[in-house]
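# Structural characterization, general
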Amino acid sequence: MFLNCHTWFSLRYGTFSVEDLCVLAKKNGMEAIAVTDINNTSACMNFVKEASAFGLKPLIGIDFRDGVSQQYVGIARNNIGFRQLNEHLSTHLHQHRVFEDNAPELSDCFIIYPFDKVVKTNKKDFRENEFIGVSVETLRQLKFSTYLRFTHKLILLQTVSFRNKRDFNAHRLLRAIDNNTLLSKLPREEEGSINQQMISLEEIQREFEDYPFILKNTRNLVESCDIKFGFGKDRINRNLKVYGRSKEEDENLLKKLCKENLSKRYPETSQIVCERVEKELTAIIKLGFVSYFLINYDIIQYARSKNYPYIGRGSGANSIVAYIIGITNVDPIELDLYFERFLNESRKSPPDFDIDFSWKDRQDVTDYIFRRHKNTALMGTYVTFKRRAVVREIGKVFGLPKENIDKLSAGFFDFDQLDQLEKLVIRYSGLIAGFPNYLSVHSGGILILNDSVYNYSGTFMPPKGFATVQIDMNISEEVGIHKFDILAQRGLSKITDAIEIIKQNQPEAHIEDIDNIAVFKNDPEINNLLRTGDCMGVFYIESPAMRGLFQKLQTQSYLELVAASSIIRPGVSNGGMKEEYIQRHRNPQRRQQAHPVLYEILAETYGVMVYQEDVLKVAHYFAGLSFEEADVLRRGMSGKKTSKGQIDKIEQKFRDNCRTRGYDLTLVNEVWDQIASFAGYAFPKGHSASYAVESYQSLYLKRYFPLEFMVAALNNGGGFYDVETYIQEIRKCGGIVHAPCINNSDHPNVIRGCDIFLGFAYIKELELKVIQRILENRQFFGSFRSLDDFIDRVEISIDQLSLLLKINAFRFTGLDKHHLLWKAHFKLNHNKTNSIQPLLFRTPHKDFDLPEFSFDFLVEAYDQMELLGFPLCSHFDLLKNNLKSAVKAKDLKNYIGKEISIYGNLITAKRTPTVNNKYMYFGTFFDQHNDIFDTVSFPGVAEKFPLRSKGIFLCYGKVVEEFGYIAVSIQWITRQETAGDPRRTERSRVLK
């Protein structure tokens, strides 16, 4: 009966979820309602799915508005009508057009114009499917209106946006946030009416008792609507079903590709390989996923034609078909990867390929997909109001000062000590925390459908220019839409860029074929980097946690790297299995403590579950479940969708089989609990193996071309650490790092021999157009000969030129930068640029007699910190006081069990909660010799000496060792004072 209900997907307007709306409708005796969010269809399919559980007939549509001005409401008569509404909405959203006063002809929709809009526009002509919506409030106006004669066009249009006054308060906060205004200054017209609430059926009948035809018209409209989608077990595969011209042609093509490429992957093809290929092809064809393989293959072929590097990973690496045709580069036979983990007859959803491209290439790959396939869109996602963000937004709405907002957002406060307004901010923040804030784009999901995307959702157009659906992956998968994951990462571009840099910097150097992974796996020099944890800059394995794990495991092989990538995950780590794996790895005698059956099943990992596939192995070999049943178990415990009651049935079969096999109940419970705590967080082995291949490629470059590799890493955004840390690593590898130079630098960093010149892009506030002018002029006319020559050739303001001079970019002149700054101010007028016209005759520059300027390296360091964000000298050189005697990082191994002092420049600190809801810190530092050491601060120490900001610290503690990994257990830590900027000291002295 209510044809205009808003959920919280009426973004920054609505105040409750689809489920809350259904509860409200049942409470008020409704049998049918319509979800019509404002310019949004995010809630529609979820509402259709949920409504049946509440005994409601679902109607779906859109409330078309310009801002908050309601133009008309569209209700889908059927699925065709829903597509028409989505197409109409999307056209306007893509082009940022307003909605006209009159709706276009949408034959399978009902269009309802609000009564006050009809009166305002004096609309008299209505199509057969167009109506006038009357609410309880506007009913009083209708009594005296000529529109009362339009008896067959009048229907009930009572808007529902709130349940109560609390919702209305939340709504007003959302509207103030959306308008970026104080709550007290929110225009009344930007708010909905507090009367936009659902009233009971009896109250509606009482209000409209003199106008029964209005309710009759409304019932007729409701009865004329019928929307159907299949969800869950009733869904059908809505992805593109045929890649070529027919299913038969697709099947033959996939078989042909396997036959043609088999010998490339397996020169000596074994019976095991042939049987596996046949088994997979049979399953892929039977389950109807041939097109899925061919679409991914086509994407890869396009990338290869453009020489784009890629990584095929995820559970797709378990497929030998994917390996043979080149979607992945992980051999599932070599690694004993189960196909059932990837695809089996109990699984209705398509297989899962994640394909990583360089962040530089993904845009073009995405563009290709959109050009190649008709019914394509990016997957949407919802960004919700998080606690800290809500506090900030509500604080601004209430007009709190910034320092108060910062305090509340950080969470460091005692509620009882807050003032009244601050308490209101905290209280009201709870009203909207968790609400959808805005629509965004899924990190990599692309939809390639068998029919129009508008059958399921409207689309919006994000800045990158690809249509994006207004629904997320959860409801998409429920209805049978499964995304292709086309992802971006920077590790791949580090590799390709490093190779190009090597060719330029060392043209005579021999570079191994980067795809010849077998050479890298067997190189002891590369494996030694793993063993010692010397992996800074290497994608995926450079964090302090990984570095420590490598040292504990003494990792020195491909398979050990694959295992390490998985055991660091929470599922293995939190269950205590990481420590057990390390001990069994380091001490073969301890492996005897494993249960014989589990040790036999998981011999490679010493009886410890490490990979998701281990769940399949244990469930199959230990408990006798089929591989299909085992994969359902794994998916269910990973939080993936399974049929209702399916997990309970499989658990019962698991226990029954174990009882039949005579296992002790304690052992059965222990294994089941391990599976339960493990499955949701573990990596698939193929995923770890895929990343391990990329890691080995990076390790090769880091070992044999460290400077070029680190420059490539910096040019691709670094990684886990900040820029300064990577610069320290470059110095450690023998590089000499220079500030930006007007004749040597580029936009990114460049290397010449062992000299690395930082890029102009690092200079804060230096404009891109200025950088482009410098580089273009230098390319065409050669190096700059002097400051005067530069001023004559490049259009630049005194402010921009000052930035270059302060960073000492003209040091090639041999003149002090302060001298040059004075000259520049004399030669260029403030806030003016020189003429862009080329000079036919150059006027000789006047020179000026200037006093001698004194040089202070502290001034240089502070200018670098201001413009680059870091100094190019060591932070230890900036300390105010001399260092006392202390241990060096490289000598810590000689002090195990002893208390020592050591100085360190903090690189990073990880704050980790304990089981007692306290916190501890894991710190990573450089000492004055650029060697790294780690610290741990247990809760008592962490509370007294928190590591919240960077700097140089004197650390005092006990040297501890675990499996060869050394750290300092902190007892106390103090920040060392840095010498101040001498210019500020001088100014203070003068002012006094």
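Residues numbered from 1 in each chain as written. Predicted model: local features only at pLDDT ≥ 70, side-chain atom pairs only at ≥ 80, totals over all residues. Heavy atoms only, no water.

## Describing the sheet that holds strand 16 (residues 736-738)
Within a beta sheet, neighbouring strands are joined by backbone hydrogen bonds and run either parallel or antiparallel to one another. To be explicit about the condition: Only strands joined by at least two bridges in the DSSP assignment are considered to pair. We count a stretch as a helix when DSSP gives it H or I for four or more residues in a row; a strand needs E for two or more, and each element gets its number in order from the N terminus. To define axes, lines are fitted to C-alpha atoms, for helices over the stretch in contact only, and angles between the resulting N-to-C directions are given on a 0 to 180 degree scale.
Ordered in space as 16-18-17, the three strands form an open sheet in which the pairing is mixed. Both edges of this open sheet fall to strand 16 and strand 17 (750-752), since each of them pairs with a single strand only. Ignoring strand direction, the axes of neighbouring strands in this sheet form an average angle of 25 degrees. Note that strand 16 and strand 18 (residues 755-757) share three bridges and pair parallel.

## Brief notes about helix 1 (residues 18-27)
Threshold: Whether a residue is buried, partly exposed or exposed follows from its accessible area with a 1.4 Å probe, protein chains only, as a fraction of its type maximum: under 20%, in between, or over 50%, in that order. The directions considered for the arc run from the helix axis to the C-beta atoms. The contact criterion used is simple: two residues touch if any of their non-hydrogen atoms lie within 4.5 Å.
For helix 1, the full list of buried residues reads Val 18, Leu 21, Cys 22, Leu 24 and Ala 25. Looking down the long axis of helix 1, one finds its buried residues gathered within 160 degrees of arc, a one-sided arrangement. Where helix 1 is buried, its residues touch strand 1 (2-5), strand 2 (32-38), helix 2 (44-51) and strand 8 (159-160). Positive backbone phi, approximately 75 degrees, marks Gly 29, located one or two places after helix 1.

## Considering unusual backbone geometry
Backbone geometry places Asn 39, a non-glycine residue, at a positive phi of 50 degrees. Mapped onto the secondary structure, Asn 39 falls in the loop between strand 2 and helix 2. Here Asn 39 falls in the buried class, since its relative accessible area comes to 17%. Despite not being glycine, Phe 963 has its phi angle at roughly 55 degrees, a positive value. Along the chain, the position of Phe 963 falls in the loop between strand 22 (952-962) and strand 23 (965-975).

## Focus on the environment of Lys 407
Here Lys 407 shows up in helix 15 (residues 402-410). Taking the relative accessible area as the measure of exposure, Lys 407 reaches 32% and is therefore partly exposed. In this structure, the C-alpha to C-alpha distance between Lys 407 and Ile 325, residues 82 residues apart in sequence, is 56 Å.

## Quick look at the side chain of Asn 86
The condition is simple: A 3.5 Å cut-off defines polar contacts: any pair of N or O atoms within that distance qualifies, except that in protein one atom must be a possible hydrogen donor and the other a possible acceptor, and neighbouring residues in sequence count only when both atoms are side-chain atoms.
You can see Asn 86 is positioned in helix 3 (residues 79-95). The exposure class assigned to Asn 86 is buried, which follows from its relative accessible area of 0%. There is a polar contact of 3.4 Å between the side chain of Asn 86 and the side chain of Thr 41. Excluding residues within four positions of it along the chain, Asn 86 makes contact with Thr 41, Ile 62, Tyr 454, Tyr 456, Ser 457 and Gly 458.

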